[in-house]
Every structure is written in structure tokens, then in C-alpha cells.
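Each chain is listed here by its residues.
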Amino acid sequence: MAGASGMMLITSAAVQMVKKEQADYGFHQAFNVLGGIVSPPFGGYLVGVASAAKGQQDYSPIFIVFIALWTLGAILMWFMDFQLKPPAKKIWTNIGILIKNPRISAYVTVMFLIGAFYGILENYLFWYMQTFLASPKWLLGMTSTVSAVSALPVVFASTWIIKLCGHTKIFMVSFLLYGVRFLAYSFIYDPYLILPVEILEAFTFSLTWVVATIYNSKVAPVYVATLQGLTSALHYSVGRGVGSIIAGTLFDNFPPRLVYRMVAATAIGCGVVYAVLHYTWLRRAHNPKVDTATLPVSDEALVDNVRRQSIIGEFFVADLVESSEQLQPSEQEPPEQSTLLRRKV
């Protein structure tokens, strides 16, 4: 919890300072990307060395480096001048208004389910690699590096991909690719073959969250702050937790390869159901009139969501904030004719 809260505060503060100083946020986040690419294999190497020296699993180097770097960061931030905006209000009222819309209700459900599959993958892949594939420690970190490197060109091309496919189709593809990933894990016996499968993380995680951030401001420009928080909570907290609990129960009662195949079938099934609902009902569903008596869109809402993205996704916070500002009804169109009411998603 401390790490997640710290990341939220640091990212929010970084965006505010970059805007205040009119600096290049992309250049700033390039160092974040570099750290994310280098640190996983380095951490795996440290764990491997410490474990070999003690003759047993020793993860203490990771915690020591983590505490040292956070302490150094805290000392540096102590001397910085931060001026952040106050948090949003009327959160529960706004949530009630949002879930009355069938397309938004379906969308947040989709983010919950994708979060569940993300939790299964995140919490059990390393265990599976070590226990059943005899993977070396450094290879565990290398999977994260491969995911980050492969995500870079995909996220750079995210605007073009969205224009080509549309937001909802990308969510459908995310379900499908999660199914492909889980199915591939169930047939792999050589741990090194996990690496090419991890390239798909660029689509199931990095691209999906860039699209979700833009989609939030597109379908609910008046309530974007609330929708950002809602989708983040459902994906990263509730969905990931529920998925981890269900998968843990299955792993206790069934062979791991069978569990991965069951989860793969479920992921593909969710994608098919969402596609059917979207094309047969959601696109034609009635949209209740939006009550515009709410708070304006805030930059912090985007930052709070994007900071939970992969390190690659965070590279584009500034661009997404600009996109959200352009979509505000007060600047582009009357609130009663918002994007949500006049366009099919």
C-alpha cells in the first residue's frame, strides 16, 4: 500500500511540476522507462546471488534496494516545491450517475474482468516458472524487461491503433490475447519460451491501459475524474484480488496446466460475450441524460489512473492529459451534447 500510494503522489507531483516549468515530460519519464527495463533482471540477479550464498531462497536484496531508493527519493522530494490541487468531491453521487448508462456499466465490468486475468498472471506466473519449469531467477526479471521493451512501439502507435480499431475492439482483443497467453503457458515446458509470449503484454496491459485512459475521457467527459478512479479501483484492486483468490483455489485443487487452460477458455469466452453484447445491444442502448452539475475534469484524475499503468504507459501521461482537456464539454461543445450522448462507442 505504501508503494502504491507513493507512486500516485510522485507521478501527480511530477506532472504538476513539468506543467509548471513547461518542461518535457516525455524526457522526464524516459528515465522511468529505462529504470523499468534494467531493474527486473538486475533484481533477479541479486536474488540469485544471495540465494546461492545462503543455500536457500533469499529475497532480502530486493527489499534493501527498494527501501534505499525510496528513502533517497523522499530526501530529494523534501527540497522540492509542490502545489497540488484538492481531490475531487461527490464521488459516490457521480458513480451512481455513471452506472445508469449500460455502456459504461459494461465497460467497468470489462475492466474488472481484465483486472482479474491480470491478477492471475501477475501473481502466479513466476511461481509457475520456478516450480514447474525450473526457471533461473534472472529469467523472471527478464520477462518484465521483454514486456516493457515490446510495449514501447505499440504505445507509440496507440493513437493510430485506436483510430484503426476503435476502443471497444481493443478491449475484445485484450480478452483474446489473455486467453492466448494462458493457453501458451499451459503447453510450455522450456522456461525460455515464456519470453516470446510476454511480448503480448504490450497489448494486454500497456495498450489496454492507454486506451482505457483515453476512453474514460471520451465516454464521460463530465465525470472523467470519477470514471478514472472507478476503473482503476476495479481493475487493480478488486479485479486483481478476486482473480488471485479464484486462481489460488483452482491451483490447490487442479494441475496447474489444466488451470491455465480453464482460465484461457474463460478469458476468450468473456471476449466473445462482450463482443456479442456490444454489437447486439450496447451500441444501441439508450443513454440517460447526463446531469452536468458536477465538478470539472481535473488533470489529477488522469495522473491517478495512468500512474498504475506499466512504466511504458506512464511515458504518455502528458499527452493523455492534453487529450482529456480537449474533450472537456465546456471548451468543445454544450454539456447536453457530450460525446457520450451523440456518438456510438
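Criteria and thresholds
Residues numbered from 1 in each chain as written. Predicted model: local features only at pLDDT ≥ 70, side-chain atom pairs only at ≥ 80, totals over all residues. Heavy atoms only, no water. Salt bridge = Lys/Arg side-chain N within 4 Å of Asp/Glu carboxyl O. Helix = DSSP H or I, 4+ residues; strand = E, 2+ residues; numbered from the N terminus. Buried < 20%, exposed > 50% of the residue type's maximum accessible area, 1.4 Å probe, protein only. Expected span 1.5 Å × (residues − 1). Bend = angle between axes of the 7 residues up to and from the residue. Polar contact = N/O pair within 3.5 Å; in protein donor to acceptor, adjacent residues only side chain to side chain. Axes fitted to C-alpha atoms, helices over the stretch in contact; angles between N-to-C directions. Parallel < 35°, antiparallel > 145°, perpendicular 65-115°, else oblique. Left-handed = near helix turned anticlockwise from the far one by under 90°. Contact = heavy atoms within 4.5 Å. Nonpolar A, V, L, I, M, F, W, Y, C, P; charged D, E, K, R; others polar. Arc of directions from axis to C-beta. Core = buried A, V, L, I, M, F, W, Y, C linked by side-chain atoms within 4.5 Å. Phe/Tyr/Trp six-rings, centres within 6.5 Å; stacked < 30°, edge-to-face > 60°. Lys NZ or Arg CZ within 6 Å of the ring centre and 35° of its normal. Patch = residues over 30% accessible without salt bridge, like charges linked within 9 Å, V, L, I, M, F, W, Y side chains within 5 Å. Areas by Shrake-Rupley, 256 points an atom, 1.4 Å probe, with all protein chains shown as cover. pLDDT = per-residue confidence, 0-100.

A word on the pattern of salt bridges
- One pass over the full model with this rule turns up four salt bridges.
- Lys-54 is paired through a salt bridge with Asp-58; the nearest N and O atoms lie 3.2 Å apart.
- Its salt-bridge partner being Glu-201, residue Arg-181 comes within 2.8 Å of it at the nearest N-O pair. Linking Arg-181 in helix α8 (residues 167–187) with Glu-201 in helix α10 (residues 201–219), this pair joins segments that are 20 residues apart in sequence. The pair formed by Arg-181 and Glu-201 is uniform in burial state, with each residue classed as buried.
- Taken together, the salt bridges that share partners define one network made up of Arg-181, Glu-198 and Glu-201.

Points about helix α5 (residues 102–132)
- If you check α5, its first and last C-alpha atoms are 43 Å apart, about what 31 residues at 1.5 Å a residue would give, namely 45 Å.
- For α5, the principal kink sits at Tyr-124 and spans about 40°.
- Measuring from the side-chain oxygen of the N-cap residue of α5 to the backbone nitrogen of Arg-103 gives 2.9 Å; that N-cap residue is Asn-101.
- Phi turns positive, to about 55°, at Ala-134, one or two residues after α5.

Remarks on the packing of α8 against α10
- One way to put it is that α8 packs onto α10 with a least axis distance of 9 Å and a crossing angle of 155°. Compared by their axis directions, α8 and α10 come out roughly antiparallel. Here the hand of the crossing between α8 and α10 comes out left-handed. Here His-167, Thr-168, Ile-170, Phe-171, Ser-174, Leu-177, Tyr-178 and Arg-181 of α8 lie close against α10, whose contacting residues are Glu-201, Phe-203, Thr-204, Leu-207, Thr-208, Val-211, Ala-212, Ile-214, Tyr-215 and Lys-218.
- Among the residues making up the contact of α8 with α10, the classes are represented as ten nonpolar, five polar and three charged.

What to know about helix α4 (residues 91–98)
- When α4 is considered as a whole, its buried residues turn out to be Asn-94, Ile-95 and Leu-98. Taken end-on, α4 shows its buried residues confined to a sector of 105°, consistent with a single buried face. When the buried face of α4 is taken as reference, the exposed residues oriented beyond 90 degrees from it are Trp-92 and Thr-93.

Focus: the nonpolar core
- Of all hydrophobic cores here, the largest spans 66 residues; its most connected members are Phe-117, Phe-171, Phe-182, Tyr-185 and Leu-227.
- Excluding residues within four positions of it along the chain, Phe-117 makes contact with Phe-175, Tyr-178, Phe-182, Val-263, Thr-266, Ala-267 and Cys-270.

Considerations on unusual backbone geometry
- In this structure, Ala-134 takes a positive phi of about 55° despite not being glycine.
- Checked against the element boundaries, Ala-134 lands in the loop between α5 and α6 (137–156).

Thoughts on the environment of Leu-227
- Within the element layout of this structure, Leu-227 appears in helix α11 (residues 224–253).
- Considered as a pair, Leu-227 and Ile-95 are 132 residues apart in the sequence and their alpha carbons are 7.4 Å apart.
- Other than its neighbours up to four places away in sequence, Leu-227 contacts Leu-98, Ile-104, Tyr-107, Val-108, Asn-216, Val-219 and Ala-220.

Thoughts on the packing of helix α7 (residues 158–165) against α10
- Where α7 contacts α10, the axes come no closer than 11 Å and their chain directions differ by 70°. Between α7 and α10, the angle falls in the class roughly perpendicular. Residues Ser-158, Ile-161 and Ile-162 of α7 pack against Leu-207, Val-210, Val-211 and Ile-214 of α10.

Quick notes on the environment of Tyr-279
- With respect to the helices, strands and loops of the structure, Tyr-279 is situated in helix α12 (residues 256–280).
- Apart from the residues lying within four places of it in its own chain, the contact partners of Tyr-279 are Lys-169, Met-172 and Arg-284.

Side note on the packing of aromatic side chains
- Tallied over the entire structure, the rule returns 23 aromatic pairs.
- Centroid distance Tyr-178 to Phe-182: 6.2 Å. Interplanar angle 20°. Geometry classified as stacked. Here Phe-182 and Tyr-178 lie together in helix α8, a separation of four residues that amounts to about one turn. Taken as a pair, Tyr-178 and Phe-182 share a single burial class, namely buried.
- The side chain of Arg-261 reaches across the aromatic face of Phe-187, ending 4.3 Å from its centre.

Structural notes on a nonpolar patch on the surface
- Nonpolar side chains collect at one region of the surface, where Tyr-59, Ile-62, Phe-63, Phe-66 and Ile-67 lie side by side and expose about 510 Å² of accessible area between them.
- Its relative accessible area of 43% is what places Phe-66 among the partly exposed residues.

Some remarks on the environment of Phe-187
- The residue Phe-187 is located in helix α8 in this model.
- Exposure remark for Phe-187: the relative accessible area of 53% places this residue in the exposed category.
- Sequence-wise, Phe-187 and Leu-258 are 71 residues apart; in three dimensions their C-alpha atoms are separated by 9.9 Å.
- Setting aside its immediate chain neighbours within four residues, Phe-187 contacts Arg-257 and Arg-261.

Examining the confidence of the model for the protein chain
- In the predicted model, the protein chain carries a mean pLDDT of 75, and the fraction of residues at 70 or more is 70%.
- Overall, residues 288–345 carries pLDDT values under 50, and its contacts beyond four positions in sequence, including any with other chains, amount to 142 contacts.

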